[in-house]
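Overview (structure and organization)
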There are 2 protein chains.
Amino acid sequence: MANSPKFTFSLLISIIVLYFSTATLSSPPVRRSKHAPRFLGKFSRASNITGRPGPNVVGAPRYRYETRYFDQNLDHFSFSDLPKFRQRYLINTEYWAGPNLGPIFFYCGNEGDIEWFAANTGFVWELAPRFGAMIIFPEHRYYGESMPYGSQEVAYKNASTLAHLTAEQALADFAVLITELKRNLSAQACPVVLFGGSYGGMLAAWMRLKYPHIAIGALVSSAPVLQFEDVVPPETFYDIVSNDFRRESISCFNTIKESWDVIESEGQKTNGLSHLTETFRFCRKLESADDLSNWLSSAYSYLAMGDYPYPADFLMPMPGNPIKEVCRKIDNSPEGSSILERIFEGVSIYYNYTGTVDCFDLDDDPHGMNGWNWQACTEMVMPFASSKNTSMFPAYEYDETSDAEWCLESYHVKPRPTWITTEFGGHGFKNALKKFGSNIIFSNGLLDPWSGGSVLEDISETIVALVTEKGAHHLDLRPATADDPDWLLEQRAAEVELIQGWLDQYYGQNKAVFDM
Amino acid sequence: MANSPKFTFSLLISIIVLYFSTATLSSPPVRRSKHAPRFLGKFSRASNITGRPGPNVVGAPRYRYETRYFDQNLDHFSFSDLPKFRQRYLINTEYWAGPNLGPIFFYCGNEGDIEWFAANTGFVWELAPRFGAMIIFPEHRYYGESMPYGSQEVAYKNASTLAHLTAEQALADFAVLITELKRNLSAQACPVVLFGGSYGGMLAAWMRLKYPHIAIGALVSSAPVLQFEDVVPPETFYDIVSNDFRRESISCFNTIKESWDVIESEGQKTNGLSHLTETFRFCRKLESADDLSNWLSSAYSYLAMGDYPYPADFLMPMPGNPIKEVCRKIDNSPEGSSILERIFEGVSIYYNYTGTVDCFDLDDDPHGMNGWNWQACTEMVMPFASSKNTSMFPAYEYDETSDAEWCLESYHVKPRPTWITTEFGGHGFKNALKKFGSNIIFSNGLLDPWSGGSVLEDISETIVALVTEKGAHHLDLRPATADDPDWLLEQRAAEVELIQGWLDQYYGQNKAVFDM
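Residues numbered from 1 in each chain as written. Chains lettered and ligands numbered in written order. Predicted model: local features only at pLDDT ≥ 70, side-chain atom pairs only at ≥ 80, totals over all residues. Heavy atoms only, no water.

Residues and elements named next belong to chain A. Taken as a whole, this structure holds six disulfides over all chains when the rule is applied. Shown here is the disulfide that connects cysteine 377 with cysteine 407, its sulfur atoms set 2.0 Å apart. Taking the sign of the S-S torsion, -75° for the link of cysteine 377 and cysteine 407, the bridge is left-handed. Of this pair, cysteine 377 sits in helix H15 (residues 371-378) while cysteine 407 sits in helix H16 (residues 400-411), and the two are 30 residues apart along the sequence. The class for cysteine 377 is buried, based on a relative accessible area of 0%. Counting only the cysteines that form disulfides, in the order they appear in chain A, gives the pairing 1-3, 2-4, 5-6. (Disulfide = S-S within 2.5 Å. Helix = DSSP H or I, 4+ residues; strand = E, 2+ residues; numbered from the N terminus. Buried < 20%, exposed > 50% of the residue type's maximum accessible area, 1.4 Å probe, protein only.)

Dropping the structure here:
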């Protein structure tokens with residue numbers, strides 16, 4: 001499959017496109033501060049781009065689909081007199097074997113424009129023909145075109161208009177959409193298979209728990225469903241990023257780890273900020289050394305998420321195994337280079353791989369309303385910390401109070417840090433899955449810092465973990481390329497076999513009409 | 001157990017108290033009309049009485065508990081800036097074996113004052129000591145003292161304040177309350193067993209599906225979880241009521257069936273309404289023959305729900321096997337009695353068994369805001385119809401449009417008739433339970449008209465139906481009495497054995513801390 005010419009898309013394209021995919025869990029867990037949302041702001045802008053990939057993503061896979069809209073209740077769980085909103089969804093029925101035979105492949109839309117997720121989830125498109133499947137990509141409410149109150153401007157105006165941007169409402173949107181579509185297509189008997197990556201993967205997994213009557217199974221890729229409260233240690237994310245660097249080069253790891261103090265002390269010197277601005281080629285003078293540290297932290301985190309075995313493309317293109325390249329730069333800078341100069345050489349792999357950037361901008365809209373930030377300030381409260389001993393990042397402890405203050409200040413909303421675990425399960429999540437769940441694939445790559453908050457071992461016969469040592473953030477969902485390594489091909493083959501098994505079982509044993 | 005002196009409560013008391021229990025699903029499915037909510041209004045007043053049973057229920061079992069309050073989010077699934085509300089709950093820990101051993105028996109509060117449910121759910125209180133269980137009776141939001149916005153007056157003001165009276169919010173209240181209580185008591189490892197009757201039983205069953213990590217099992221008594229859309233025929237309810245009468249006497253059934261036309265034609269005569277008013281001894285003149293028909297229909301439905309084998313007490317006391325008594329009156333009226341006189345003699349068993357009522361009042365507040373009516377007008381949309389062939393009631397078809405108009409007029413809200421089946425499963429409910437559920441007892445008595453919408457057969461090894469041929473509406477949950485027949489004792493014994501099995505399995509196999 002991977003070697004089919006159909007899937008040898010231009011490298012450039014698959015790379016550019018990859019940016020949007022890896023941006024799906026776009027909350028790099030830097031310390032909450034006035035600058036914390038900076039990268040989210042930037043990424044959310046990107047993910048809110050409307051329409052197909054533009055002229056600068058020439059050759060992007062242009063999957064065929066119809067764009068349709070469905071009127072959803074803004075609040076499924078209460079009956080306030082609120083306006084409905086138009087949920088966008090993409091649908092393709094050309095491979096569909098029809099209401100008696102064809103399954104429905106349903107991608108749980110993430111926090112961004114659904115066309116980007118469709119373009120970046122090639123696996124679903126490549127799978128559909130061999131399964132005779134209908135393909136549906138619904139957009140997540142409050143993202144892309146699926147804006148309540150008619151426009152993003154109004155929807156993102158304040159806490160009151162943002163109130164209904166929650167995972168539970170999104171799951172209910174999916175449940176209602178599936179039910180109504182099946183009814184309209186007389187496809188009530190068709191099994192639904194869910195797909196999702198990152199936050200979309202979390203939605204797919206939760207959907208299996210909350211709506212077992214709606215879908216028969218889920219491929220859940222790189223979904224940190226356990227990254228809440230104290231279910232996993234808060235240091236996990238940064239430890240994995242750090243290990244990704246350490247495995248390439250201990251000296252690289254050490255250089256980065258030493259750099260923070262150097263940056264901080266430089267920032268305190270007279271003209272220190274000017275010196276830092278110059279060394280890191282910022283277009284405008286840094287206002288604080290922290291801004292630089294956050295800028296670097298984000299780069300390292302995204303490098304880890306996107307540490308793919310082949311060249312890929314964020315906003316700035318990156319080579320294959322980008323962390324290896326970063327460390328090569330850091331370790332092999334010209335003799336006499338300062339530690340800061342070496343760091344700059346390294347992160348230039350992330351921020352300026354093409355060498356075309358003259359100077360760098362920090363985020364220009366740190367306080368812009370941002371969907372994921374809202375979600376992180378309400379229910380998606382993921383604790384992060386950085387360990388003095390094991391992390392290469394500046395050490396800090398998780399500070400729930402300070403985060404809550406930031407949210408109150410920024411969004412006038414109070415986080416509910418124990419809600420997700422109450423609603424979906426925390427320490428008992430795996431236990432609940434074992435007893436009540438079935439047909440879930442948790443796929444993860446261990447280089448991905450989000451893997452630490454996911455499910456990495458088989459939970460039951462039908463809830464299985466597919467873990468690749470060298471994979472990063474939901475690589476398996478991406479379009480096949482000629483550069484896919486064997487372990488990735490094997491992972492995808494295992495996924496196909498499991499999905500086939502769910503469908504065989506469904507068609508074989510469950511001859512009664514499946515509900516809805 | 002049933003013969004223990006401890007449980008030989010005064011007959012009168014257990015009977016009075018029974019009224020409130022049978023009122024839990026207080027929506028007799030009479031045709032939606034301006035008079036339809038009449039009995040709901042009456043019953044909701046009763047179920048909103050605050051405090052312990054008053055002086056007229058002397059000898060009612062006075063279970064010991066503390067009354068506590070918990071601040072709940074009014075909206076668990078969105079983040080509007082709404083005031084929290086105080087949820088009342090009753091708690092007893094005197095039998096509790098402590099955080100390492102003792103289970104928690106959690107009654108899912110219905111649509112009424114929780115103290116009444118506590119007083120009428122003797123089974124839970126009688127079970128707790130032998131299981132070393134803590135007992136918790138949480139009140140359902142918008143009922144009893146658990147009023148959002150500080151008072152019933154404000155909470156019931158309009159569709160906007162009533163908006164958050166939904167089953168999903170109530171389930172989330174329960175989940176949050178259990179989680180927080182366990183945390184505060186360091187009782188995270190304690191297994192929770194759910195109990196519920198009627199609508200509370202539906203909540204308990206749904207809780208097993210939606211929050212499998214919160215509780216290990218549920219005793220679900222007389223819960224019509226399938227009474228939605230077309231999952232069961234809409235005629236089921238009235239057919240069962242009718243059969244309850246037919247099994248006692250075919251002539252009684254026929255007399256009632258013939259009476260509607262007589263009433264209608266009488267109502268159309270000059271002075272006909274006066275004559276009907278006189279015959280049925282109403283205090284004020286009837287405004288329409290329909291009012292009389294609804295009054296009679298309600299009596300027949302409540303007689304069927306409360307068709308218990310021993311004397312019981314609604315607002316007016318009733319004998320044991322009350323339908324038998326009604327039919328005896330109808331069939332054996334003095335020679336020369338008209339059909340209407342015979343009907344009057346019959347329903348007097350329901351409305352005037354003590355013979356102390358001089359004249360009858362129709363409901364005095366047919367348009368009063370009523371919690372259950374709101375729920376029925378939003379998501380608890382249960383279709384009812386009356387079959388020309390099999391029912392003794394006037395024939396009519398389910399009219400979704402007319403119901404919706406009534407709701408819009410009365411509550412300014414539009415029903416969502418397909419929501420409950422989407423959220424919890426409809427035709428596929430049993431299938432989902434079979435695949436994903438466990439540890440549920442669906443108990444039903446076949447005389448109960450709500451049994452037609454419940455689960456009457458075993459679904460899996462651990463999801464079992466306990467059906468009694470002669471039982472009525474959630475009799476098994478009531479306090480034991482000396483008059484309990486053997487089949488009731490057997491039903492309860494089977495329930496105890498199953499619950500013991502869940503706990504044995506939990507303690508035996510699940511040594512890890514159960515989540516939350």
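Additional details are given in the paragraphs that follow.
Another point: unusual backbone geometry. Backbone geometry places Asn439(A), a non-glycine residue, at a positive phi of 50°. Positionally, Asn439(A) belongs in the loop between helix H18 (429-436) and strand S9 (440-445). The exposure class of Asn439(A) is buried, given its relative accessible area of 7%. The phi dihedral of His474(B) is positive, around 30°, even though this residue is not glycine. By secondary structure assignment, the location of His474(B) is in the loop between strand S10 (463-468) and helix H19 (486-509).

With that settled, the discussion passes to the relation of the copies chain B and chain A. The two copies are related by a screw operation: chain B maps onto chain A through 180° of rotation and 0.0 Å of translation along the axis, at an RMSD of 0.0 Å. The operation mapping one copy onto its partner corresponds to a two-fold rotation axis. Looking at the rotation axis and the C-alpha trace of chain B, the residue lying nearest is Phe436(B), at 2.3 Å. (Least-squares fit on C-alpha atoms with pLDDT ≥ 70 in both.)

Residues and elements named next belong to chain B. Reading across the sheet, the eight strands line up as S1-S2-S4-S3-S5-S6-S9-S10 and stay open at both edges, with mixed pairing between neighbours. Each edge of the open sheet carries a strand with a single partner, namely strand S1 (66-72) and S10. Neighbour to neighbour, the strand axes of the sheet diverge by 20° on average, direction disregarded. Sheet strands in contact with helix H8 (residues 199-210) are strand S5 (192-197), strand S6 (217-221) and strand S9 (440-445), and its direction is about 145° off that of S5. (Pairing = 2+ DSSP bridges. Axes fitted to C-alpha atoms, helices over the stretch in contact; angles between N-to-C directions. Contact = heavy atoms within 4.5 Å.)

Distances and angles like these do not, on their own, reveal function.
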